[in-house]
Amino acid sequence: MTRRPPARRRRRSKRRQRKQDQLVALLVGALVGLALVIAVVNWLLAHWWVFVLLAVVAVLASVGALYQRQQRALWARAQWQGLRYGLPQLDGLHHRDFEYAVRNLMRRDGCTDAKQIGGAGDNGADVLATDPLGRKWVIQCKHRKNGAKGSAVGTPDLQRVNGTARQLYGADVVLVVTNGRFSTKCPQLARQLRMHLADRALLASWAAGSRPLWELLPKVPPPRRSTPLS
C-alpha cells in the first residue's frame, strides 16, 4: 500500500510550484515587454520623421496658444481702459457693488491684482490693489445712497482702516473713497495718519476720466519700482 506524503510536505510543494509559476510569468512578461520596446524603438528609428513632425506640431500649438492668450489679454486691457462711471450710476449702486466699481477702476488703471474683499472680517479694507509702480493700496469704500446729501463719513471710519491697513496688509497707500462727503475733521486727521481721501468731486473726476488715481491724489508715496510693469 502506497503512503501519501504528509500534508505539510504537500503544502510546501504547492507553494514552491506557485512561486515557480509566478517567476516564469514574470520572465515571460519581461521578455514580451522588452520585445515590444525593441519593436517600438526600431520603428521610430526607421520613421525618425515622426519625431520632427510631432515637434513641429507641438511648437505650432504652443505658439498658437500664446498668441491667443496675448490677444485675450489685449482685449481685456482695452475693455478695462474704456471703463467709465458717472456719479448718478455710482449713486444708484448697492454698497457692495460700489466696492466692485472701485476695484474695476483700479484694474482699469493697471492694478491687475485688484480685488474686492469687503465683508465680514474685512478689518476695514474693502479693496486691495498693487499699482504698476509697486505700491500697495488698501481702500475703504463708503457708499451713500443719497450722495452728498447723505451722512458725512466721519473720523471713526478713518481710524478703523488706519489701524489695520499697514499692519495687516502692508499698505503703502491707505485710502478712503466715498460718493458722499467727509466731515470737517477728516482732512486734518487724514494728514496726521498719512492717509488719503477721495470725496465725491475727486471720485467723479477719477471715475469719468482716464487718469489713474495716483495722479489725482496729492503726496502719494514714491514708487517701489522705477518703471511700471507692462
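A. Just the environment of Pro218, in detail. Of note, Pro218 is situated in the segment after helix H7 (200-208). Looking at Pro218, the relative accessible area reads 56%, which means it is exposed. In sequence terms Pro218 and Leu197 are 21 residues apart; their C-alpha atoms lie 9.7 Å from each other.

B. The arrangement of the pairing of strand E3 (residues 136-142) in detail. By the criterion of burial, E3 is predominantly enclosed, with six of the seven residues buried. Where strand E2 (residues 127-130) and E3 come together, four bridges link them in antiparallel fashion. Of the residues in E3, the one forming a bridge with Val127 is Ile139. The antiparallel hairpin formed by E2 and E3 contains five residues in its connecting segment, where Gly134 sits at a positive phi of about 90°. After leaving E3, the chain enters helix H5 (residues 155-169) and then returns to the sheet as strand E4 (residues 173-178), a path that is right-handed.

C. Highlighting helix H6 (residues 186-193). The set of residues buried in H6 consists of Cys186, Leu189 and Ala190. All buried residues of H6 lie within an arc of 105° about the axis, which places them on one face of the element. Among the exposed residues of H6, those pointing more than 90 degrees away from its buried face are Arg191 and Gln192. Buried residues belonging to H6 abut H5 and strand E5 (196-198). A positive backbone phi angle near 55° is found at Arg194, which sits one or two residues after H6.

D. Focus on the packing of H5 against H6. Taken N-terminus to C-terminus, the directions of H5 and H6 make an angle of 15°; their axes are 10 Å apart at the nearest point. One element, H5, and the other, H6, form an angle in the roughly parallel class. For the crossing formed where H5 meets H6, the hand is right-handed. Seen from H5, the contacting residues are Thr155, Leu158, Gln159, Asn162 and Arg166; seen from H6, they are Cys186, Leu189, Ala190 and Leu193. Residue composition of the contact of H5 with H6, by class: five nonpolar, three polar and one charged.

E. Examining the pattern of salt bridges more closely. Enumeration according to the criterion identifies seven salt bridges in this entry. With its nearest N and O atoms 3.0 Å apart, the salt bridge here joins Glu99 to Arg96. Here Glu99 and its partner Arg96 are both found in helix H4 (residues 95-108), three residues apart, which amounts to about one turn of the helix. A residue is classified by how much of its surface remains accessible, and Glu99, at 3% relative accessible area, is buried.

F. Structural detail: the environment of Gln188. Turning to its location among the elements, Gln188 is positioned in helix H6. Residue classification places Gln188 among the partly exposed positions, given a relative accessible area of 47%. Remark: the alpha-carbon pair of Gln188 and Thr155, spanning 33 residues in sequence, is separated by 9.7 Å.

G. A look at unusual backbone geometry. In this model, Arg194 sits at a positive phi of 55°, which is unusual for a non-glycine residue. Residue position: Arg194 is located in the loop between H6 and E5. In this model, Lys219 sits at a positive phi of 55°, which is unusual for a non-glycine residue. Relative to the helices and strands, Lys219 is located in the segment after H7. Owing to a relative accessible area of 81%, Lys219 belongs among the exposed residues under this scheme.

H. Region of interest: a nonpolar patch on the surface. Together, Trp48, Trp49, Phe51, Val52, Leu53, Val56, Val57 and Leu60 line one region of the surface with nonpolar side chains, adding up to about 850 Å² of accessible area. Exposure remark for Trp49: the relative accessible area of 46% places this residue in the partly exposed category.

The rules we used
Residues numbered from 1 in each chain as written. Predicted model: local features only at pLDDT ≥ 70, side-chain atom pairs only at ≥ 80, totals over all residues. Heavy atoms only, no water. Helix = DSSP H or I, 4+ residues; strand = E, 2+ residues; numbered from the N terminus. Buried < 20%, exposed > 50% of the residue type's maximum accessible area, 1.4 Å probe, protein only. Pairing = 2+ DSSP bridges. Right-handed = clockwise from strand over helix to strand, strands pointing away. Arc of directions from axis to C-beta. Contact = heavy atoms within 4.5 Å. Axes fitted to C-alpha atoms, helices over the stretch in contact; angles between N-to-C directions. Parallel < 35°, antiparallel > 145°, perpendicular 65-115°, else oblique. Left-handed = near helix turned anticlockwise from the far one by under 90°. Nonpolar A, V, L, I, M, F, W, Y, C, P; charged D, E, K, R; others polar. Salt bridge = Lys/Arg side-chain N within 4 Å of Asp/Glu carboxyl O. Patch = residues over 30% accessible without salt bridge, like charges linked within 9 Å, V, L, I, M, F, W, Y side chains within 5 Å. Areas by Shrake-Rupley, 256 points an atom, 1.4 Å probe, with all protein chains shown as cover.

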